[in-house]
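# Structural overview for review
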Amino acid sequence: MKELQELARKLLTDGTVGVVIGWEEGPRGIRPYFCTRPEDADKLVFTPRCVHNLATYLSPRRSNVRELGKVAVVVKGCDNKAVAGLVRETQLKREDVVVIGVRCGGVVLDPYGPAELTANTVADRCPGCDVREPHNTDHLVGELPPPPPGEQRTAKLMSELEKSSPDQRWDFWIEQLSKCVRCNACREVCPMCFCERCLADKTQPQWIDSSPHPRGNLAWHLTRAMHQAGRCAGCGECERACPMDIPLMLLNRKVAQVVADSWGYKSSEDPAVAAPIGTFNKDDPQEFIK
Amino acid sequence: MTVKTLTTENLSHLAAALLADGTEVIAPVKDSSGKVDYRAVKQAAELALGEALPRKSLKEFFLPQTECLFYFKQVKNDVELTPVPTTFGPRIVLGAKPCDAAAVDILDRVFDWDYHDELWFGRRQATTIVTLACPMVDEFCFCTAVDIEPATRQGADMVIVPVAGGYHVETVTEKGEALVTKYAKYFSDGGKQAEADTFRAEAKAKVEKNLGINTKDVRAWLETHFEDGLWHELAWRCHGCGACAAVCPTCHCFDIVDESEGVNQGTRRRNWDTCQAGKFTLHASGHNPRGEQCNRCRQRVSHKFMIYPERFGVLLCTGCGRCVRACPGGMVLPEVLRRVNAAAQAAKTEPVTEGVGQ
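Residues numbered from 1 in each chain as written. Chains lettered and ligands numbered in written order. Predicted model: local features only at pLDDT ≥ 70, side-chain atom pairs only at ≥ 80, totals over all residues.

### Thoughts on the domain arrangement of chain A
Residues and elements named next belong to chain A. Filter applied, for reference: Residue ranges labeled as domains rest on an automatic or database domain assignment. Two residues qualify as a contact pair if the distance between their C-beta atoms, derived from the backbone, is within 7 Å. Three categories are distinguished: nonpolar for Ala, Val, Leu, Ile, Met, Phe, Trp, Tyr, Cys and Pro, charged for Asp, Glu, Lys and Arg, and polar for the others, with Gly belonging to the last.
Domain annotation of chain A identifies domain 1 (2–141) and domain 2 (153–276). For domain 1 versus domain 2, the separation of C-alpha centres amounts to 24 Å. At the interface, 27 residues of domain 1 touch 22 residues of domain 2. For the side of domain 1 that touches domain 2, the residue count by class is 11 nonpolar, nine polar and seven charged.

Here it is in structure tokens:
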């Protein structure tokens, strides 16, 4: 923690950056913190409650953040995949951001809930994590904690759902998506939802019904899942942000699995790893073209 | 006001009797994952009274998140409109959170302002609200700071207060009286006033510790700080989603859309909207008077603590704390109010030129 605070203080003092985006202990658990003054650097923390993917604040949509000057951002390995995603998709120049990686032993599901990391509280993306030590960062801080406890719940739920009949799956999703209030929290917290004008906001023509009825909700969430194919960093922020607790990562994970099986692509911390959506090879699998 | 006692068992019988009589019963219900929502119940056993705060407030039963206003159909060179009914069958809400009932009363004012909203008042008229006095949910409850208390009668037709063995019952309106009269056999005479008063006082004292502000001073500060660093600072963290507005019992802004359904026909709908979304104020010209998130963060606070009280004499906030609990970015409205209040108090003793934010 001290290492992180001292680094942030140095970067702000010598003018390397105008803001360090990290986490602080807020009135209600851990929350994102925008540190603009060296004297505030001691507020920065890193604990298993540092759930939020701060890479979302690097999106070009956040013009107000860019006004603070050059940005340093604190990332876990999983968050760093989103930084790479933004660079890969030319939304961010790597040299425009100072990436501070933190070695991570997993985070909890809810930054506002219990602080203790157990098999019950661990965030779903953590068990089996392959990026506990972030790569391609400008700075790397902290000691490497032991691996996260528990197992991935979504993977289990997904395989159960895959075994059920199409009718049962349809019922499951209609029930889940009927809860959606179209607050767009899933979209707004997502680092990869950076479109200046989202398809869902277009009205001429109105591609997606804006009404929160099952028809509109299904259209919205399936479209979003498809738009995340080969792009989703897997951070799970959409699911965490959902005020109605819709298991959105089931959709994203399923799509990610299809992409992995078909094109061998997995969300990566390396911007140079080409995503299937933006590349073409003559020997690409074509079985899906009938 | 009639005072009665209702045993826990009889509350269940009352719910069953209401259902048997064809009254729609809305109550907090727990789902398989333990989350609580207000929902129309099919049987009395579903009631989960006194559990956690429902995820969404009561407003969806008066202002549904999507509702049809009318159907349209093109017939040759004319358009045929089919209206929707504006009268509704009898409904009762059992065990509403007092802050949620108060919100409905607060919103009556805006829905009867420049236009008398038939759909809102149709549902209002059909619905009897029975609130269950609240012991406080957690440290983000702040109803007492916004002129409401955890057992407020505002918006309620009948209030029930937990006492040993059941509830102390107080009727507030004629609708509440009618309920007690029609289902008299479930209620016993006389209340447990002393016990209920103690419950109320204890809950109030607990919530008062969470936040103490002078809302008049907050309003005065807002009136003079349209431009302030605070709004920029809030906007850094804010994602600009509408989770806060969706779960808020008093956020009532809506969008109206025409959805085509088939050829030459469709539905005009009213959907929840939020001032936190950039699209909310986007003009057809491309200009957006609230083009930045800082403008939108300011709007939400200003509407609740300056604009609405100016227009209707009441705050547009019941202190339920749902916005705090729902925010993925860690925004905390009581914290904002505390800071604004502190700045307003400081301004009383010495004129300040600096704002609240960095």
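### A closer look at the nonpolar core
This is how it is decided: The term nonpolar core refers to a group of buried residues, namely Ala, Val, Leu, Ile, Met, Phe, Trp, Tyr and Cys, whose C-beta atoms join them within 7 Å. Neighbour counting defines burial: a residue surrounded by 20 or more other C-beta atoms within 10 Å of its own C-beta is buried, one with 12 or fewer is exposed, and intermediate counts give partly exposed, using backbone-placed C-beta atoms. Secondary structure is summarised from DSSP: a helix means a run of H or I of at least four residues, a strand means a run of E of at least two, and numbering begins at the N terminus for each.
If you look at the biggest cluster of nonpolar residues, it comprises 171 residues, and the most contacted ones within it are V20 and V73 of chain A together with I160 and A243 of chain B. Among the elements that make up this core, the one with the highest residue count is helix α2 (residues 98–111) of chain B (seven residues). If sequence neighbours within four positions are ignored, V20 of chain A has contacts with A8, L11, L12, C35, L44 and A72 of chain A.

### Re the sheet that holds strand β12 (residues 265–272) of chain B
Residue and element names in this part refer to chain B. This is how it is decided: We treat two strands as partners when DSSP finds at least two bridges between them. Working convention: axes come from line fits to C-alpha atoms, limited for helices to the stretch in contact. Angles between N-to-C directions cover 0 to 180 degrees.
The strand order across the open sheet built from four strands is β5-β4-β12-β11, with neighbouring strands paired in antiparallel fashion. Each edge of the sheet is formed by a strand with only one pairing partner; in this case those strands are β5 (78–83) and β11 (254–260). For this sheet the average axis-to-axis angle between neighbouring strands, irrespective of direction, equals 25 degrees.

### Regarding the packing of helix α5 (residues 166–178) of chain A against helix α7 (residues 214–227) of chain A
Residue and element names in this part refer to chain A. Let me state the cut-off plainly: Here the word oblique covers every angle except those under 35 degrees (roughly parallel), over 145 (roughly antiparallel) and from 65 to 115 (roughly perpendicular).
Where α5 contacts α7, the axes come no closer than 9 Å and their chain directions differ by 100 degrees. In terms of orientation, α5 lies roughly perpendicular with respect to α7. Residues I174, L177 and S178 of α5 pack against P214, N217, L218 and H221 of α7.

### Topic: the interface of chain A and chain B
Contact residues are listed per partner, giving 26 residues for chain A and 37 residues for chain B. At the level of elements, β2 (29–35), α2 (63–66), α6 (185–189) and α8 (237–241) of chain A are the ones that each hand at least two residues to the side of chain A that touches chain B. When its residues are assigned to classes, the side of chain A that touches chain B shows 12 nonpolar, seven polar and seven charged.

### Structural notes on the packing of α7 of chain A against helix α9 (residues 248–263) of chain A
Residue and element names in this part refer to chain A. For the record, the criterion: When the near helix sits turned anticlockwise from the far one by under a right angle, the crossing is termed left-handed; a clockwise turn instead gives a right-handed crossing.
It is the contact of α7 with α9, at a shortest axis distance of 9 Å, that shows an interaxial angle of 40 degrees. When the axes of α7 and α9 are compared, the crossing they make is right-handed. Counting all contacts with α7, which are made through H221, A225 and M226, the residues of α9 involved are L251, N252 and V255. Residue composition of the contact of α7 with α9, by class: four nonpolar, two polar and no charged.

### Section: the sheet that holds strand β8 (residues 158–163) of chain B
Residues and elements named next belong to chain B. Spatially, β3-β2-β6-β7-β8-β9-β1-β10 is the arrangement adopted by the eight strands of the open sheet, whose pairing is mixed. The outermost strands of the open sheet, each flanked by one partner alone, are β3 (36–40) and β10 (187–189). This sheet shows a mean twist of 25 degrees between the axes of neighbouring strands, independent of strand direction. Pairing geometry for strand β6 (residues 91–96) and strand β7 (residues 127–132), over five bridges, is parallel. Its bridge partner lying in β7, I92 is registered against T128. Lying on the sheet, helix α1 (residues 8–20) is in contact with β1 (3–7), β2 (24–30), β6 and β9 (166–171); it crosses β1 at an angle near 95 degrees.

### Concerning the environment of C238 of chain A
Inspection of the secondary structure assignment puts C238 of chain A in helix α8. Residues C238 of chain A and S267 of chain A, spaced 29 residues apart in sequence, show a C-alpha to C-alpha distance of 16 Å.

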